[in-house]
Each structure stands twice: as structure tokens, then as C-alpha cells.
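A structural walkthrough
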Number of protein chains: 8
Amino acid sequence: MSKIGIILGSDSDYPYIEKSVDFLKKNSIGFEIEVSSAHRTPQRTIDIIRRFENSGIEVIIAAAGGAAHLPGVVAAHTLLPVLGIPIKTALSGLDSLYSIVQMPGGIPVATFGIGNSGGFNSVLFALEILALKDNKIKEFLVKFRKDQQKEVIEKSERLKKLVSQ
Amino acid sequence: MSKIGIILGSDSDYPYIEKSVDFLKKNSIGFEIEVSSAHRTPQRTIDIIRRFENSGIEVIIAAAGGAAHLPGVVAAHTLLPVLGIPIKTALSGLDSLYSIVQMPGGIPVATFGIGNSGGFNSVLFALEILALKDNKIKEFLVKFRKDQQKEVIEKSERLKKLVSQ
Amino acid sequence: MSKIGIILGSDSDYPYIEKSVDFLKKNSIGFEIEVSSAHRTPQRTIDIIRRFENSGIEVIIAAAGGAAHLPGVVAAHTLLPVLGIPIKTALSGLDSLYSIVQMPGGIPVATFGIGNSGGFNSVLFALEILALKDNKIKEFLVKFRKDQQKEVIEKSERLKKLVSQ
Amino acid sequence: MSKIGIILGSDSDYPYIEKSVDFLKKNSIGFEIEVSSAHRTPQRTIDIIRRFENSGIEVIIAAAGGAAHLPGVVAAHTLLPVLGIPIKTALSGLDSLYSIVQMPGGIPVATFGIGNSGGFNSVLFALEILALKDNKIKEFLVKFRKDQQKEVIEKSERLKKLVSQ
Amino acid sequence: MSKIGIILGSDSDYPYIEKSVDFLKKNSIGFEIEVSSAHRTPQRTIDIIRRFENSGIEVIIAAAGGAAHLPGVVAAHTLLPVLGIPIKTALSGLDSLYSIVQMPGGIPVATFGIGNSGGFNSVLFALEILALKDNKIKEFLVKFRKDQQKEVIEKSERLKKLVSQ
Amino acid sequence: MSKIGIILGSDSDYPYIEKSVDFLKKNSIGFEIEVSSAHRTPQRTIDIIRRFENSGIEVIIAAAGGAAHLPGVVAAHTLLPVLGIPIKTALSGLDSLYSIVQMPGGIPVATFGIGNSGGFNSVLFALEILALKDNKIKEFLVKFRKDQQKEVIEKSERLKKLVSQ
Amino acid sequence: MSKIGIILGSDSDYPYIEKSVDFLKKNSIGFEIEVSSAHRTPQRTIDIIRRFENSGIEVIIAAAGGAAHLPGVVAAHTLLPVLGIPIKTALSGLDSLYSIVQMPGGIPVATFGIGNSGGFNSVLFALEILALKDNKIKEFLVKFRKDQQKEVIEKSERLKKLVSQ
Amino acid sequence: MSKIGIILGSDSDYPYIEKSVDFLKKNSIGFEIEVSSAHRTPQRTIDIIRRFENSGIEVIIAAAGGAAHLPGVVAAHTLLPVLGIPIKTALSGLDSLYSIVQMPGGIPVATFGIGNSGGFNSVLFALEILALKDNKIKEFLVKFRKDQQKEVIEKSERLKKLVSQ
């Protein structure tokens, strides 16, 4: 059963979440994905949220750029934790970031960094939430962090070799 | 019959539109005003738009600050011209401005300057739209601009006196 | 009879409005277009505004970049609604945006987003103004929004297929 | 048993979280609070995280300003969800915001708005996470949102009275 | 005969130029001053430029805030050197600065710093231009710089005394 | 005899002034050009200023990027009008712009736009200063502006043809 | 013998360094202080640097605001380590920061934070440099950091008491 | 014996320090280099600092991008002077710059410019610190500055030739 629901404001946002989707698939973590615009398809967006809630989704990731209203609009219609990803734009994604992070008191959206790193971190954060109830996910995250440390050390060794030549 | 509908995202936005409301009242131009949040009362916001449309409102002014989604959310639910006013915030209103002006292609919001001047100009712009069908409003605007010119000249005279002392 | 007048501050701004011009032509919506600089050809700019007013133009779209004075200068000489498009520059179009949106109280300019989306939205907004008197344009906009919704749904289906592979 | 742990980078950050602390106390939601600097007391910060983990804390809120490293440093040492609050500074809190939200891929921090609203929303978001396992908290949130809607309507009525005078 | 003409976009800009006006009066340097808006009184602005040109003015200083079009509009109508002063605004004067300094190639405006220092420097710069033909003004500037150096040394002595207490 | 002296902080700034140099050469307007760094060759910079002053130079153009101190350092050592050109950098030239335009009261630098347009305008502005004593240069500028107007009209005609196809 | 030399671009910068001066005096760490402007008193600035070098100064701290050229100009004339402090301005000190930190390759300036914290940290950093040769200063810094840790713990205890009331 | 220790937050930061590493190697100045992340390998980062301290390193250069915590985290664990290099990012490196330069009072980090120039200047600054005890390094720096001056003069000559063609 999928616990993570992903909504993109536009299919052009997909490249920023692609690495994360591949990560989820590779690690057999269930998720659902939809494209729905807060402005062009507002009712459809609400319908997707309801369907997500009814099918057991526990965390919603919403990505949008520019006047990036999607995460806030999703948060307005659910009590599930909503994670927002600001997509990079011609203003470097600052417009997206401010539109997502500066939510008024009362309707929270958890915001992540602009672009790919933010997208990947939103997925890791979703897993941290799920890990509070699911030990398998916790173990997965423990292993992920260890592997990540190994990778840093390997990169350091490679660089030292390169430099000492 | 009121032709202008005003929605504030929060009652704390009122000071930025107060001068404009006084201007409308002083000149006997009908309008309706509501507080409704895009996030806290999303359904109520849609209900107000519908009521506005059914009661003959022809232009909607929406003011909001921070992740200022209100004008965009209003525009998503109507084909009436929507004018957005970015309210000043701790980020100087830049967050509000970007959240309003950087709408995705397909759902337009006409944006005005941050704070009081923007608020006042949104009302003048609403009158310019209404003036396309209403000669009385056009005459009112012609007179407004002339008075405005006189005011500049008077201020210039006063300043020259002050400086020559 | 054309109802929409477009003025570009420079012919190098044309790429940002090209998609909108194609949209107008494809949908047989009349418009006039001119290049005129607020600084290099100030008198010519005023002449064009007068000609627009006399030939039945009801909305003027003005695009400019950098110290983007054109929309404000146009607005200073007409009571027709003026829509401003900030063109992208080496400062990401922030200079254009501030120069257009931060008009002083008294002379309103309705501002749209930086670059292509803003250009397209200014045309849609012009149609929303014209639709207040013209039911055909209103019907056109109703259909446009419906088609736009369909497009989102199709894109969502395509993405879901792509992801599930 | 407290489920929410709060760490402030400095006691001068307290005013930005005070409203949220009062909210937690008024609603009898358990929490722990500490002041600890990522830079001045790095080992103590790690000790607090360990103590939080061992005492059943499930979400950590970390507030910091300027080169606001605290939330990221906390996230580096735990798999619990970490919520970051950028404190307002002489740079309007932009330095705090960028230092918190732009985390590298691999160590996620969920970021909220600058200052008071962000502080309050981080608490609401923590409750949304806890509500995934705790129906009482979910009911509390359902009621909170309803009360919030009533408050908007009341404010709207008050404003309409004020304006109609 | 006055050689320096000053135009303010609004009388509210006067405080930023007041120190400079006092400096001119105290040193018996002739100047003319006017308030005229690029947007509210466009024709009057051109009339003032013509009058300035005909009465022997050789440098024009123009101050404006927000969408600060005045210096550019003045420059569009004259070949006299135009000096622009960006007035401080709610956006810290960045909107004014960009609107003045980012002029398109072909119509130059010499821009000075935001607010008081910029205002004062524009007057000194005007004197540097006039000094190219007028040795008295050159001598005045030579003396001004020497006095300025003495002032720095005196301030240094005072501070050293204060610190050594 | 050359009246315009140009100093570049680095030879890598040349592309931003190249168009202007070609303009000067094509129109047989004398100028001198040097590369000298405010930081790497401070004494040489002063020597060049002295040589400029002694050889009849009347306006100095200084271009620099990043911590663009050159124009201010030049202005500190001369009473000739100094025109500053902010060169484009990885920060879009904002660092250069602020370093040049925000001079303290007492030592004026006339600042022009970031990059090519600013470079070209600084040359036109230098000519406007020289035109105060030299009627040939004035006539040259009158003709330049007329040619510039023709160019706008031609571009407008070309665009209208393109659009009407 | 004083090892630290401090130069302020203006006596109005003193409040930002006052806390640091008190810290030096209280701990009997020798220093010299001067006011000297990179622009108004360029030769005097060089004279001070020479005197500093000849009297055994080993680190120079330079504070300036706006087009804050002082630290870079100092660095251009010495091989001693130069520490720059950006003073807060109407642009929040961003102009000062960029003018100091964005030095071209070849002439380094070590930059610290905007305002008071930056001023204090520049002094601590100067002591870290001196501690490389002076064990007493190293011991002083070791103790300073321990005291700083105690202070954090005390503040934490005080806050916990306050919150638990 | 190496006196300079370099830590990169990621191996992808290497291109920004490569020129500096080549400079050190070419001039036979000893250094050590490591990749270690403040977030992914926090303990390893501390271990490297300890090893640096024990092996005679006297200055640490730390480079990082985005929420660039590495320099501050290093400074929190040592009394050696720490030099921070903000790496260029999608936000032009502004996020990196603010995360490094805006350190709280008590833990200093000396910050250099964004990207390559900053990286190179951090190495020169490290040499300036070492030169306080090492005359050979001082002589090296004296020669470096002289060579740098020659290079400027040569570039000036080349440009003048190019222009005079």
C-alpha cells in the first residue's frame, strides 16, 4: 500500500522529482503520482487529495514553480503533512520558495530546498515520518545514512589521489 | 449596484486598502468587501466569488501578504478580471509580490504595487475597466486626473516658497 | 475592429510576446502592434496612444525591459486600462518588474509575470476585460479554460504511464 | 509523555516561538525545550538530541537566525523529523531562511516561514505528524481548523460593519 | 544665473535633497527647483525642461522613488546631462535604483546612491561638470575636499580620545 | 586632443566597453584607454589619473566588476567627473552596481547600467558633458538621437510586416 | 605592544565596533584605532597602514558601509592580514557586504558578518591569528570558549524555568 | 610540513579550489586536502580537524555550497583560523555566502568571495597569516604582488595595441 502521494503543478516539474521517483522505485517504496494545477484544475486537485486520504496515503509531496500555490492549496484541504518543493524558475526559484515557505499561521507547509536536492530531501523526510510507525523504513534510513557516509569517504580518497598526482 | 468586489486575505490587510475604501465611499462608487482566506476558508472564498458574479460584480480586487495565494485562487474560479494587491510583510512584501505576479500562463492576475499605492491604483484601474461601458465613470476619471495635476502644481509652488526662504 | 493594442519598447522584446500574438491570430482576435520607445521616441509613443484611442482600442498591452518605463508612460497618457509585461533581463527581469509594478498612486498599470507567461496572461486578461461587454469572447474564455483542464489531465496520464514503466 | 522537542539556538530566539509554547501549554500538549548552539555548544546539542530520542520525542523543532546551522546540525545527528524555523534578522531573516532550507541532498530539514507564523506552523505540522498515530491529536486539529474558519468569518463581519459606517 | 535645475517627482522627496539645497544656498550657488511628476504631469515636465534649457541651466538633477521614471523621462527630452537620485522606499529604494540606473542604451542617466548621500553627491557632481568651464567652482571644490579631509582627521582625534578613556 | 579617458579594472572588462570604443573610433572622437586595478596597481592608477588631467582629459570613465572599487578610487583622486560602469558578474553585476553607486557623501561617482548598455550610455553622457562647451559634439548628439528615432520606426515597420504574415 | 590595528571608514561606524573595543580594553589586549576614509583621505589611509606596519601591528581590522572600499584599499597596500566588517546601511548592509567580500583574485580581504556580531568575530579572529605565536592568547581563547558554553547552559536553564511557570 | 588544511563539503566543490591547489603545488607550499560533509559525516569532520591540529596545520580552509554549514561547524571545533569559501549554486552562491558569513558572535569564520576568486584569495590570505612567522613566505608574497602588477601593465599594453588597430 502506498503511503506517499506526489502532486506536480505541471508535468514540466517532473525533472526535479525524477531522481526521487527512481529512488522510490529502486527501493520498492510505494507512492502515487499526479499532475494537477492549483489554478487550472482546482477541483481536480481537491479530488486527488480526497482519494489520497481514502487510499491510505500518509504524506503528500507537492512541487510547483513561480507563484507556487499548489503546496499551500493542498495543505488547505488536508490534515496530512504536506511537503512543498519549490521548482527552479527564471527568478532562480526564489518566487517559488517564497510562495511556498511564507504560509500564513494556521495552515503549515514543510518546505524543502529549491530543485533536485529539495525534491530528494522531501522524499527522505517523508520516510522519516513513516519510520515513526514502521521499523523497516527506519532500518532502511539507517542503512541509507551509512552508505552515504561511505560514499563521502570514497570521494575523499579519490580526490586525494587526483590532487597528489 | 456594486460593480467592484474586494476580498482581503486577513483583516490585518485592511489598513493597506483603507484609503481606497474611503475614496470609493466619498465618491459614492458602490463596492462589496469581505475577509476570506485562500487557506483557512477555501470553500467560503469560492462561495463569495459566486455571489459576487451573481450580484453583478465586474471586477474583483484581492489583497494578501506572504504566500499571498488569494488573488491567484480567486482567478482560478472566475473569468472576471482579478486585481491583486501585495501586502507589505517582514520581507518588504517581496514574498507577496512574487506570489501574486508570477502566476503560471493560463490564469491571469493583474498585479499592482506593494502596499497603499498599489491598493489605490487597483481601485483606479477597476474604474478604468468600468469606464469602458460607463461614461460617468470615465468623466469621473478625467476629472480625477485633472485634479491630480493641479495638486502637483500646488505642491511645487509650496516647495519653491519654502526653498526661497 | 481591433480592441487590443500592443506596444513593445524594443523589437528585441518580441520573442516574449510572440506566443501571445500567435494565439490572437489563430483565434482571429484583432489587435494592433507597434514598436515605440518611451525614451527614444517619446512623442511617437503618445501619437500611437492617441491613434489607438481613436480607432477603438480598449486595452493597451505594453512590454519593456530594464528601466521599463513604457507601460507607466503609456498609462500617463490614457485612461484605457494599461497592462505591463516585464521583459527578462540580465537582472532576471527584476529591474523590469519593479519599474513597472511600483507605480506611484494615481496612474495605475496592471502588471503581469516576467517573460512569456506574463505576456500570455496579459492577453488573456485583456480578453477578460473585453468579455464584460462581449459574450462571444466570454464563451471563448470558458472554452479555453475547459481545454486547459483537459490538457492537465492528459499530461497527468502521460506522466503516470512514464513513471510506471 | 512529551513527543515534541524544541531547541533554540539562542534564548533571544524565544519571542518567535513564545506564542507556540503558549499554544502547547494551553492545550496540554507535552513538549521539552532547550537552548543550545550548534557552534558554541556542539557536543551539548548532540547530547540533547540523544536524550530527546531516548525519552520518546518524535519530532524536533529547531529555531535559529543568521548562519542558522542548528536545524541542519540537528538533522545530521538524528532520523527523527526535524522542523526548522528561520528567525528574523537584520537581513529580514533571508540569511536564516537560506541557511536552513538549502540543505544538501541526504539530510532533510523541513523549513517553515520566517518568524512567528513559521514558528506556529512548525508546531501545527508537528501535530499533523503525531496525528498519524494519535486520533486525539487528529480530532484536536480538526477542531482547530474549524475554529480558525469561524474566526475568519467573525473578522469579516466586523470589517464589513466598520466599512459600512 | 542658475546653472543647476532640480526636479522632484513628488514633494515628499524633498527631505532627501534638503541637505543639498541648503549646501547650495549657503555657498550661493544658483539653482532652480520644481516638483513635477513624469506620470501625473507629463506635459508640465517637458515644459520645465524647455524652460530650464532656455534659461541657461546646464545640468538637471531629477529625484524619484518607486517606479522612478522621472530621470529617464527628463533625459528623453534633453541633451543636457541628467543626474538621477533614487529615493528610499519600502523596498529600500532598490525599485527606484533599478528604475533609474538600468536605462536602455541611447538615453543616458547618471545615477547616484539611494537617499541623502546620493542627493548630496549629485550636487557635487553637477559642480564638477560646471567646474570644467568655471575656475571659481573648481576652486570651491578644491577647498571643499580639503575641508572634508580636515573633518575626517578631527573625527579620528575625537574617537581616539573617547576610546582611550 | 582626447577629452575622454577610459580605465578598465581588468582587460576582461573590455567586451563590455568594446561597442562604445568602436562607436568613438567610427565617429573620430578622441579618447585614451588603460587597464589599471584599484587593488593590484593602486599607485599606477593614480599616475594615470594625473597623466589624464595633464593631457586635457575632461571626463573619466571607469569600469569594474565584483568589489568594483576602481570608479570610487579614481573619484577620490580627481575633481574631473567620473563615470562608473558596473561589469556583469556571477551575482548578475549587483555586487559591482552596489560597490559603485553607493558612494559615501563627498566623493561622487556617476553610475550607469550593468554591462553593455551602461557602457554605451557612459560614453553618450561624457559627450553630453563635452557638448556644454563644444557645439560640434552637440550637433553630433542631436543627429545621433534623430538617427536613433528613425531606427525605432524602421524596426516597428519590420515587426508589423512580420506579424501580419 | 599593540598587535591589532583598527580603521573605521567613518566615526559613525564606531557603534558597530564599540562592543569589541570594550572587550579588548577589558581584557587588556593592546590595539590602535583610527578613522580614515578610503575616498576622502586616501593618502592618510596609506600613511596609517605604514605606521601600523612599522609599530608591530600584525592584523588590521577595517570597517566600512555602503560602497565599502576601505578594507580592499587597505589590503591593496599591505601584506598583513586584513579583516573587513560590513557596516549596516539602508540596504541592510548588503551593499557593504558585497563591496568587501567580492574582492578580485590577488588581494584578499577576510570578511565577517554585517554589524555587531561581525565586528566582534573579527576581533576574535584576530586573536586566533595572534594565538598561533602567543600561548597566552591561545589560553585566553580557550577560556573564552568555555565561558561562552557556560553562558549558553545558564540561558537554557533560565528559559526552561520561564517556560515551566 | 603542511601548514594549510583544506576541507571540501563535497567533491563537486573541487573545481572552485582547483586553481588554488595548482598554485600551492607549483610553488611547493605544503597542504592537506579532504572531502568531508558537515551533515553526512559530522564525526569524521571533527576527526579531520583533530588530525589537522595534531599534525601542525595552522590555517583551515573550508569550502561549501547551499546551506554551507561546513566552515562554521569546523570553526566550532577549533581555535585555528578558519577561512570559508562560498561555492556557487543555483542561487548564485548567495545562500552559501549568507550561511558562511553571518556567523553568530563568538565563533568566527573569515569569509571570502563566491567561487574561484574567493578560493584563490583564501589561499593567499592563509599565506599572509603564515608570513607573520615565516619570512620566506613573506618574500614569496612580495614577489607575487610585484608579478601581479607586471601582469596588469602587460595586459594594458596589449589592450591599447588592440584598440589602436
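Here the structure is a predicted model, which means the values were calculated and not measured. Position numbers for residues count from 1 along each chain, tracking the sequence in the order it is written. Following the order in which they are written, the chains are lettered starting with A and the ligands numbered starting with 1. Reporting in this predicted model follows two pLDDT cut-offs: at least 70 for local features of residues, and 80 or more for side-chain atom pairs to be given and counted; totals over whole chains, interfaces and linings ignore these cut-offs and use all residues. No hydrogens and no water enter the side-chain calculation; it runs on all heavy atoms of the structure.

Here we take up the overall build of chain A. Helices and strands together make up the secondary structure of chain A, namely six helices and five strands. Helix and strand labels come from DSSP, where a helix needs a run of H or I of at least four residues and a strand needs a run of E of at least two; each type is numbered from the N terminus. Listed N to C, the secondary structure of chain A is β-α-β-α-β-α-β-α-β-α-α in terms of helices and strands. Dimensions of chain A, computed from C-alpha atoms along their principal axes, come out at roughly 60 × 40 × 30 Å. To sort residues, take the accessible area from a 1.4 Å probe on protein chains only and compare it with the maximum for the residue type: under 20% means buried, over 50% means exposed, and anything in between is partly exposed. Across the 165 residues in chain A, those meeting the buried criterion constitute 68%. We call two residues contacting when some pair of their heavy atoms lies within 4.5 Å. Across chain A, contacts joining residues at least 24 apart in sequence account for 64% of those joining residues at least 6 apart. Surface exposure here means Shrake-Rupley accessible area, sampled with a 1.4 Å probe, where a residue is shielded only by the protein chains that are shown. Entry remark: accessible area of chain A is about 5,700 Å², with carbon and sulfur atoms responsible for 51%. Charge assignment in this entry is limited to Lys and Arg as positive and Asp and Glu as negative, and neither His nor the chain termini are counted. For this purpose, a charge sits on NZ of Lys, CZ of Arg, CG of Asp or CD of Glu. Once the 20 positive and 17 negative side-chain charges of chain A are each reduced to a mean point, those two points are 6 Å apart.

Here the focus is the arrangement of the chains. Contact between chain C and chain D is absent, and the least distance between their C-alpha atoms amounts to 18 Å. Spatially, chain C is disjoint from chain H: no contact exists, and the shortest C-alpha separation is 12 Å.

Here we take up the environment of Gly56 of chain G. Residue and element names in this part refer to chain G. As for its placement among the helices and strands, Gly56 is situated in the loop between helix H2 (42–54) and strand S3 (59–64). Overall, Gly56 belongs to the buried group, its relative accessible area being 18%. The spacing of Gly56 and Ile4 is 52 residues in sequence and 8.8 Å in space, taken between C-alpha atoms. Leaving out residues up to four positions away in the same chain, Gly56 has contacts with Met1, Ser2 and Lys3.

Glancing now at the side chain of His39 of chain A. Looking at the element boundaries, His39 of chain A is found in the loop between strand S2 (31–35) and helix H2 (42–54). Think of a polar contact as two N or O atoms within 3.5 Å of one another; within protein, one of them needs to be a possible hydrogen donor and the other a possible acceptor, and neighboring residues in sequence only count if both atoms come from side chains. At 2.8 Å, the side chain of His39 of chain A forms a polar contact with the side chain of His69 of chain A. The residues contacting His39 of chain A, other than those within four sequence positions of it, are Ala67 and His69 of chain A together with Gly72, Val73, Ala76, Met103, Pro104 and Ile107 of chain B.

What follows is about the domain arrangement of chain A. Residue and element names in this part refer to chain A. For chain A, the assigned domains read domain 1 (4–133) and domain 2 (135–165). Domain boundaries shown here were taken from an automatic or database domain assignment. One C-alpha centre belongs to domain 1, the other to domain 2; they are set 28 Å apart. Listed as interface residues are ten residues of domain 1 and, on the opposing side, seven residues of domain 2. Both sides together, the interface formed by domain 1 and domain 2 hides about 670 Å², and carbon and sulfur atoms give 80% of it. The term salt bridge refers to a side-chain nitrogen of Lys or Arg lying within 4 Å of a carboxyl oxygen of Asp or Glu. Taken together, domain 1 and domain 2 are joined by one salt bridge. With a shortest N-O distance of 3.3 Å, Glu128 and Arg145 are connected by a salt bridge. A per-element tally of the side of domain 1 that touches domain 2 places helix H5 (residues 116–131) first, with six residues. Here the term charged refers only to Asp, Glu, Lys and Arg, the term nonpolar to Ala, Val, Leu, Ile, Met, Phe, Trp, Tyr, Cys and Pro, and the term polar to all other amino acids, Gly among them. Of the residues belonging to the side of domain 1 that touches domain 2, the class tally is seven nonpolar, one polar and two charged. Buried area adds together the accessible area that both of two parts lose upon being put together, with accessible area traced by a 1.4 Å probe.

Let us now look at the relation of the copies chain H and chain A. By a simple turn and slide, chain H fits onto chain A: the slide is 0.0 Å along the axis, the RMSD is 0.0 Å, and the turn is 90 degrees. Overall, the copies show the geometry of a four-fold rotation axis. The rotation axis passes nearest to the C-alpha of Ser92 of chain H in chain H, at a distance of 6.0 Å. The copies were overlaid by least squares, fitting only the C-alpha atoms of residues that reach a pLDDT of 70 or more in each copy.

The interface of chain H with chain A comprises 16 residues on the first partner and 16 residues on the second. Between chain H and chain A, the buried area comes to about 1,400 Å², and carbon and sulfur atoms account for 67% of it. For the pair chain H and chain A, the interface holds two salt bridges. As a salt-bridge pair, Lys155 of chain A and Asp11 of chain H come within 3.9 Å of each other at their nearest N and O atoms. Our count for the contact surface shared by chain H and chain A stands at seven residue pairs in polar contact (both at pLDDT 80 or more).

With that settled, consider unusual backbone geometry. Residues and elements named next belong to chain C. Here the phi dihedral of Ser28 falls at roughly 55 degrees; this positive angle occurs in a residue that is not glycine. Summarising the element assignment, Ser28 is placed in the loop between helix H1 (14–26) and strand S2 (31–35). What makes Ser28 exposed here is its relative accessible area of 67%.

So, about the pattern of salt bridges. Tallied over the full model, the rule gives 103 salt bridges over all chains. With its nearest N and O atoms 3.2 Å apart, the salt bridge here joins Arg51 of chain B to Glu32 of chain B. Taken together, the residues Arg51 of chain B in helix H2 (residues 42–54) and Glu32 of chain B in strand S2 (residues 31–35) connect sequence positions 19 residues apart. The partly exposed category is assigned to Arg51 of chain B, whose relative accessible area is 35%. For Glu32 of chain B, a relative accessible area of 26% puts it in the partly exposed group. The salt bridge partner of Arg50 of chain E is Glu53 of chain E, with a shortest N-O separation of 2.8 Å. Note that Arg50 of chain E and Glu53 of chain E are positioned in helix H2 (residues 42–54) at a spacing of three residues, about one turn of the helix.

What follows covers the interface of chain A and chain D. Each partner contributes residues to the interface: chain A has 42 residues there, and chain D has 42 residues. Counting each side, the surface lost to burial between chain A and chain D is near 3,400 Å², with a carbon and sulfur contribution of 63%. For the chain A face of the interface with chain D, the top three residues by lost area are Leu79, Leu132 and Arg145 of chain A, together amounting to 21%. Along the contact surface separating chain A from chain D lie zero salt bridges. The interface formed by chain A and chain D contains 16 residue pairs in polar contact (both at pLDDT 80 or more).

Another point: the relation of the copies chain A and chain D. Superposing chain A onto chain D takes a rotation of 180 degrees plus a shift of 0.0 Å along the axis, which leaves an RMSD of 0.0 Å. On this basis, the relationship between the two copies can be described by a two-fold rotation axis. The residues that chain A uses at the interface reappear at the interface of chain D in 100% of cases, marking a shared surface.

Across a regular strand the side chains alternate sides, sitting on one face of the sheet and then on the other. All names here are of chain B. Across the five residues of strand S1 (residues 4–8), five count as buried, placing the element largely inside the fold. Neither face of S1 is left uncovered, since the one carrying Ile4, Ile6 and Leu8 and the one carrying Gly5 and Ile7 both have all their residues buried. Strand pairing requires that DSSP identify at least two bridges connecting the strands. Across five bridges, S1 lies against S2 in parallel orientation. When the sheet's bridge partners are listed, Leu8 is paired in S2 with Val35. A clockwise path from the first strand over the helix to the second, with the strands pointing away from the viewer, defines a right-handed crossover. As a crossover connection, the stretch from S1 through helix H1 (residues 15–26) into S2 is right-handed. Sheet topology note: the S1/strand S3 (residues 59–64) ladder contains five bridges and is parallel. Its bridge partner lying in S3, Ile4 is registered against Val59.

In the contact formed by helix H4 (residues 94–101) of chain A and helix H4 (residues 94–101) of chain B, the axes pass within 8 Å of each other and the chain directions differ by 105 degrees. As far as their axial angle goes, H4 of chain B and H4 of chain A are roughly perpendicular. Taking contact as the criterion, the partners of Leu94, Asp95, Tyr98 and Ser99 of chain A in H4 of chain A are, on H4 of chain B, Leu94, Asp95, Tyr98 and Ser99 of chain B. Think of each axis as a best-fit line through the C-alpha atoms, taken over the contacting stretch in the case of a helix, with angles from 0 to 180 degrees between the N-to-C directions. Our angle categories are set so that under 35 degrees counts as roughly parallel, over 145 as roughly antiparallel, 65 to 115 as roughly perpendicular, and the remainder as oblique.

Residues and elements named next belong to chain B. Expected span, for any helix, means 1.5 Å times one less than how many residues it has. Look at helix H6 (residues 135–164): 44 Å from first C-alpha to last across 30 residues, which is about the 44 Å you get at 1.5 Å a residue. For H6, the full list of buried residues reads Ile137, Leu141, Phe144, Arg145, Gln148, Val152, Ser156, Leu159 and Val163. You can read the cap of H6 off the contacts: a side-chain oxygen lies 3.0 Å from the backbone nitrogen of Lys136, and it is on Asp134.

This next bit is on the environment of Phe125 of chain A. Along the chain, Phe125 of chain A falls in helix H5. The exposure class assigned to Phe125 of chain A is buried, which follows from its relative accessible area of 0%. For the pair Phe125 of chain A and Ala110 of chain A, spaced 15 residues apart in the sequence, the C-alpha separation amounts to 9.7 Å. Each residue touching Phe125 of chain A, except ones within four places of it in the same chain, is listed here: Leu83 and Phe112 of chain A together with Pro81, Val82, Leu83, Pro108, Ala110 and Phe125 of chain D.

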